[in-house]
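Observations on the model geometry
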Amino acid sequence: MKKLKCAIVEDSKVQRTLLEQVIDKTSNLELLYSFTSSTEALERINSSHIDLLFLDIEMPTMNGFEFLAGLKTIPQVIITSQNPKYALEAFDYNAIDFLLKPYSKTRFEFAVNKAISKIKTTAKSKTENKLVVKHNLKQIELNIQNIQWVEALGDYVKVITPERSYVILSTLTTFHKKLGDEKFLRIHKSYIVNLNMVERYNHEFIEIKDKKIPISRTKGIELDRLLKCVE
């Protein structure tokens, strides 16, 4: 895994210097920014890509929680503080860990490893939700969760998403296997639907965005059971 791009927001010069030194000695971390001012940090981090943020809570002008509320995209966050009373609130803000100052090198490494594990899991999940297909002689990535339904077109399938449709060389059976998601049900010999997209249904058809899709008689009971399980 490549190095995580890090930033520090810490108004204490001593604490900030110590943290900079520890990060510098950690092989899988790369320190991009180190700020004393939360207002300056907010502007810079909102215009950059940061993987991991070390954030002090008790700072002048804007405290750590106010800082998090101002971020456009929140990276993995490790909260640092001398006051344990902030620990519970830190996790309310989805911080990956809370380091009570002064913390040991072992405790620091534990928090960093949690962040790395979380980032890997998130990256894997994003990859698993993508399907690479060929459309108009070009390879494209489809977000599986955005697919509304798929219909058979002879030797091709037509994949419908909210933005547009794609015609792909594949049988419906083969494409169904590639989706690899139990939320996709073949309700008819010519149609696969995303159960999360179903708006209305009866024993004859389902409706997705004003499109009425027929249901085969053998799939009615299964459809009813699965739709009751959809969150």
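Look up: the structure comes first, before these words.
Quick caveat: nothing in here was measured; it's all calculated off a predicted structure.

Right, let's get into the environment of Ala87. Mapped onto the secondary structure, Ala87 falls in helix α4 (residues 87–92). As for Ala87 and Ile144, which are separated by 57 residues in sequence, their C-alpha atoms are 37 Å apart.

Let us look at the sheet that holds strand β4 (residues 76–81). Read from one edge to the other, the open sheet built from five strands follows the order β2-β1-β3-β4-β5, with strand pairing classed as parallel. The sheet terminates laterally at β2 (29–35) and β5 (97–100), the two strands that pair on one side only. When strand polarity is set aside, the average angle formed by the axes of neighbouring strands in this sheet is 20°. Examined bridge by bridge, strand β3 (residues 52–56) and β4 share five bridges and lie parallel to one another. By the bridge assignment for β4, Leu53 is matched with Val77. Strands β1 (4–9), β2 and β3 of the sheet are contacted by helix α2 (residues 38–46), whose axis makes an angle of about 130° with β2.

Bringing a nonpolar patch on the surface into the picture now. On the surface, a cluster of nonpolar side chains totalling about 360 Å² of accessible area is made up of Leu153, Tyr156, Val167 and Leu169. Position of Leu153 relative to the elements: it lies in strand β8 (residues 149–153). The class for Leu153 is partly exposed, based on a relative accessible area of 38%.

So, how was this worked out
- Residues numbered from 1 in each chain as written.
- Predicted model: local features only at pLDDT ≥ 70, side-chain atom pairs only at ≥ 80, totals over all residues.
- Heavy atoms only, no water.
- Helix = DSSP H or I, 4+ residues; strand = E, 2+ residues; numbered from the N terminus.
- Pairing = 2+ DSSP bridges.
- Axes fitted to C-alpha atoms, helices over the stretch in contact; angles between N-to-C directions.
- Contact = heavy atoms within 4.5 Å.
- Patch = residues over 30% accessible without salt bridge, like charges linked within 9 Å, V, L, I, M, F, W, Y side chains within 5 Å.
- Areas by Shrake-Rupley, 256 points an atom, 1.4 Å probe, with all protein chains shown as cover.
- Salt bridge = Lys/Arg side-chain N within 4 Å of Asp/Glu carboxyl O.
- Buried < 20%, exposed > 50% of the residue type's maximum accessible area, 1.4 Å probe, protein only.

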